[in-house]
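Breakdown of the fold
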Amino acid sequence: MSDSSPVRPAAPVLDVWCELQCPDCRTALDDLRALRARYGDRLELRLRHFPLEKHKHAFAAAQAAEEALEQGQGWPYVEAVLGRVEELDRKGEPFLVEVAGELGLDAEEFDTALIDGRHILIVDADQAEGKAIGVTGTPTYVIGGERLDGGKSQERLRERIEEIVDRLLAGAGQA
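Residues numbered from 1 in each chain as written. Predicted model: local features only at pLDDT ≥ 70, side-chain atom pairs only at ≥ 80, totals over all residues. Heavy atoms only, no water.

Turning to helix 5 (residues 93–102), its buried residues number three or more, namely F95, L96, V97, V99 and A100. Of the surrounding elements, those touching the buried residues of helix 5 are helix 2 (58–70), helix 3 (74–82), helix 4 (85–91) and helix 6 (107–116). Trailing helix 5 by a residue or two, G104 shows a phi angle of about 80 degrees, which is positive. (Buried < 20%, exposed > 50% of the residue type's maximum accessible area, 1.4 Å probe, protein only. Helix = DSSP H or I, 4+ residues; strand = E, 2+ residues; numbered from the N terminus. Contact = heavy atoms within 4.5 Å.)

And the structure:
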């Protein structure tokens, strides 16, 4: 049996190299929300972890974000934590579990995941890949083979991403 419906091209992927204790990443949330609103499922936003050594809870936060993704609430969790980076600075890992509970996630499983380190390899792999492609700070975006550093300046960054996405979608016949 043959399906004659047209095959939809894959959506362009915007890799967002992020760190959940980073004030610049919090600032970037407005751009990410605007991109999601504009493109919907025509653009795949993919969180990539790049915890910085200067933020002592960033590595645990990255693991917690992976647990939230596993429980089906990745982006809502990331947004909730980024929106309260000062609390993460003050409270540390207990804050990560607290946010999970506030979102209706299995907080006990979060606690266990942070203790047993089940998501460490994902975070390590993201960080290694980021270093390999020249990521040095957060947020950094990669789309269509271009790397855009949002840690230096957020100015015109969303417009530049939109130009690239529009070009990619036009090339795939999805514009």
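Our focus in this paragraph is the sheet that holds strand 2 (residues 44–49). Spatially, 4 strands are ordered 2-1-3-4 in an open sheet, and the strand pairing comes out mixed. Bordering the open sheet on either side are strand 2 and strand 4 (146–149), each of which pairs with just one other strand. Ignoring which end each strand starts from, the neighbouring axes of this sheet average 20 degrees apart. Judged from the 3 bridges that link them, strand 1 (residues 13–18) and strand 3 (residues 140–143) form a sheet pairing that is antiparallel. Residue pairing across strands places W17 opposite T140, the latter belonging to strand 3. On the sheet, helix 8 (residues 157–171) packs against strand 1, strand 3 and strand 4 and is oriented at approximately 165 degrees with respect to strand 4. (Pairing = 2+ DSSP bridges. Axes fitted to C-alpha atoms, helices over the stretch in contact; angles between N-to-C directions.)

A few words now on the nonpolar core. Judged by nonpolar contacts, the single largest core of 42 residues is most densely connected at L14, Y77, L96 and Y141. A total of 6 residues in this core trace back to one element, the largest contributor, which is helix 1 (residues 23–39). Membership of the second largest hydrophobic core comes to 5 residues, among which are W17, F50, V135 and V142. (Core = buried A, V, L, I, M, F, W, Y, C linked by side-chain atoms within 4.5 Å.)

Moving on, we get to the packing of helix 1 against helix 3. For the pair helix 1 and helix 3, the least separation of the axes is 9 Å and the interaxial angle reads 145 degrees. Judged by the sense of rotation from one axis to the other, the crossing of helix 1 with helix 3 is left-handed. Contact with helix 1, carried on its side by C25, R26, L29, L32, R33 and R36, involves W75, E79 and L82 of helix 3 and no other residues of that element. Classifying every residue of the contact of helix 1 with helix 3 gives 5 nonpolar, no polar and 4 charged. (Left-handed = near helix turned anticlockwise from the far one by under 90°. Nonpolar A, V, L, I, M, F, W, Y, C, P; charged D, E, K, R; others polar.)

Let us now look at the packing of aromatic side chains. Summed over all chains, the structure comprises 1 aromatic pair. Seen in terms of ring centroids, Y77 and F110 are 5.2 Å apart; in terms of plane orientation they differ by 35 degrees. Their pairing is tilted. Highlighted residues: Y77 in helix 3 and F110 in helix 6, separated in sequence by 33 residues. Owing to a relative accessible area of 0%, Y77 belongs among the buried residues under this scheme. (Phe/Tyr/Trp six-rings, centres within 6.5 Å; stacked < 30°, edge-to-face > 60°.)

Those residues of helix 6 that fall on the buried side of the exposure criterion are F110, A113 and L114. Buried residues along helix 6 cover an arc of 95 degrees about the axis, so they all sit on one side. For helix 6, exposure combined with an orientation more than 90 degrees from the buried face picks out E108 and I115. The backbone nitrogen of E108 has a side-chain oxygen 3.2 Å away, supplied by the residue at the start of helix 6, namely D106. G117 sits one or two residues past helix 6 and shows a positive phi near 70 degrees. (Arc of directions from axis to C-beta. Polar contact = N/O pair within 3.5 Å; in protein donor to acceptor, adjacent residues only side chain to side chain.)

As enumerated under the stated definition, the model contains 24 salt bridges in all. Two residues, R158 and D31, come together in a salt bridge whose shortest N-O distance is 3.3 Å. In this pair, R158 is assigned in helix 8 and D31 in helix 1, connecting sequence segments 127 residues apart. Across the salt bridge formed by D166 and R38, the nearest N and O atoms sit 2.8 Å from each other. Here the residue D166 occupies a position in helix 8, and R38 occupies one in helix 1, the gap between them amounting to 128 residues. Given the relative accessible area of 39%, R38 is considered partly exposed. When salt bridges with common partners are traced through the structure, they connect D15, R46, R48, D126 and E129 into a single cluster. (Salt bridge = Lys/Arg side-chain N within 4 Å of Asp/Glu carboxyl O.)

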